[in-house]
Amino acid sequence: AMAWLGTATCTKKTTPTTAAGFTATCTPKGVGNDWWVETGVTSSQTIAKVQAKVNGGALVDLPKDTWGTYAKSLNAPNGSQVVFVATSTSGATVC
């Protein structure tokens, strides 16, 4: 799933480590800052980590912030493709 504004829905990957039934919805936040990536995540299981990659780059961990979203200072200029990946505590990965 990719998005910068609006809602991106994450779907389950088919891998041996993916637990059945893990779904997550990422809700990217458009903040008007080329150096900030942020998303909310709702899921069917407890989230262990959320990562993002910008324009096909490497995945970067987004720490959970005090207001409940996952965010980090990353360069993502307007028009960038941002992909979010959520991992549950059981090891399942979606997005």
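Refer to the structure above for everything that follows.
Residues numbered from 1 in each chain as written. Predicted model: local features only at pLDDT ≥ 70, side-chain atom pairs only at ≥ 80, totals over all residues. Heavy atoms only, no water.

**A short note on the sheet that holds strand S4 (residues 47–54)**
Note the threshold: In short, DSSP must find at least two bridges between two strands for them to pair. Put simply, DSSP marks the helices as runs of H or I at least four residues long and the strands as runs of E at least two long, and each gets a number from the N terminus on.
The strand order across the open sheet built from four strands is S5-S4-S7-S8, with neighbouring strands paired in antiparallel fashion. The outermost strands of the open sheet, each flanked by one partner alone, are strand S5 (60–62) and strand S8 (93–94). As paired elements, S4 and strand S7 (residues 82–88) share seven bridges and run antiparallel to each other. Paired with Lys49 across the bridge in S7 is Thr87.

**Quick word on the environment of Leu74**
Within the secondary structure, Leu74 is located in the loop between strand S6 (70–72) and S7. Considered as a pair, Leu74 and Ala52 are 22 residues apart in the sequence and their alpha carbons are 9.2 Å apart.

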